[in-house]
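These are the residues of each chain, in order.
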Amino acid sequence: MARITLAVGKGFSGEIYRYEVDDEVMIKEIVKKFVDEIYHGERNVDDFVLFNLTRGFEYSNDETLASKGTASGDVVLLIDLKKD
């Protein structure tokens, strides 16, 4: 297991957060962490997807960053699919 640093974009707002995460943690857990911290628990985590802008793909909840070849410095976008 390695620690990698990601630049996390909040939807398309332009706000960027930096997180250091373990690359073997399931995506569903990483998304939960990001939603809890960025939105202070005020959003339903099941409404979000994580998209890797650097490499051009969306993660599935049952994958890990390592399984998709995510590297430190990749830019990912946290997207709320139910945003009004």
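Just so it is clear, the model here is predicted, and its values are computed rather than measured. (Residues numbered from 1 in each chain as written. Predicted model: local features only at pLDDT ≥ 70, side-chain atom pairs only at ≥ 80, totals over all residues. Heavy atoms only, no water.)

Colleague: Teacher, can you tell me more about the pattern of salt bridges here?
Modeller: Once their charged atoms are close, side chains differing in charge can pair, the charge on each being opposite to the other. One pass over the full model with this rule turns up 8 salt bridges. Of the charged contacts in the structure, one is a salt bridge between Arg-3 and Asp-22, with a shortest N-O distance of 3.1 Å. Within this pair, whereas Arg-3 is found in strand S1 (residues 3-10), its partner Asp-22 is found in strand S2 (residues 16-22), the two being separated by 19 residues in sequence. Here Glu-63 and Lys-68 are joined by a salt bridge, their closest N and O atoms 3.8 Å apart. For Glu-63, a relative accessible area of 18% gives the class buried. Here Lys-68 falls in the partly exposed class, since its relative accessible area comes to 29%. (Salt bridge = Lys/Arg side-chain N within 4 Å of Asp/Glu carboxyl O. Helix = DSSP H or I, 4+ residues; strand = E, 2+ residues; numbered from the N terminus. Buried < 20%, exposed > 50% of the residue type's maximum accessible area, 1.4 Å probe, protein only.)

Colleague: Which parts of the structure should I look at to understand the layout of surface pockets?
Modeller: It is a probe the size of a water molecule, rolled over the atoms, that shows where empty space is left. The computed volume of the largest pocket comes to approximately 170 Å³. In terms of lining residues, the largest pocket is bounded by 13 residues, among which Lys-28, Val-31, Val-45, Phe-48 and Asn-61 are the most central. Elements supplying a minimum of two residues to the lining of the largest pocket: helix H1 (27-38) and strand S3 (48-52). No other element matches H1, which puts 4 residues into the lining of the largest pocket. Among the residues making up the lining of the largest pocket, the classes are represented as 7 nonpolar, 2 polar and 4 charged. (1 Å grid on protein atoms, 1.4 Å probe; cavity = no way out; pocket = protein on both sides within 12 Å on 5 of 7 lines; lining within 4 Å. Points joined across faces, edges and corners; volume = space filled by probe spheres on them. Nonpolar A, V, L, I, M, F, W, Y, C, P; charged D, E, K, R; others polar.)

Colleague: Could you clarify how one ought to interpret the environment of Glu-24 in this entry?
Modeller: Inspection of the secondary structure assignment puts Glu-24 in the loop between S2 and H1. Counting along the chain gives 23 residues from Glu-24 to Met-1, while the straight-line C-alpha distance between them is 5.7 Å. If we ignore the near neighbours within four places in the chain, the residues touching Glu-24 are Met-1, Thr-64 and Ala-66. (Contact = heavy atoms within 4.5 Å.)

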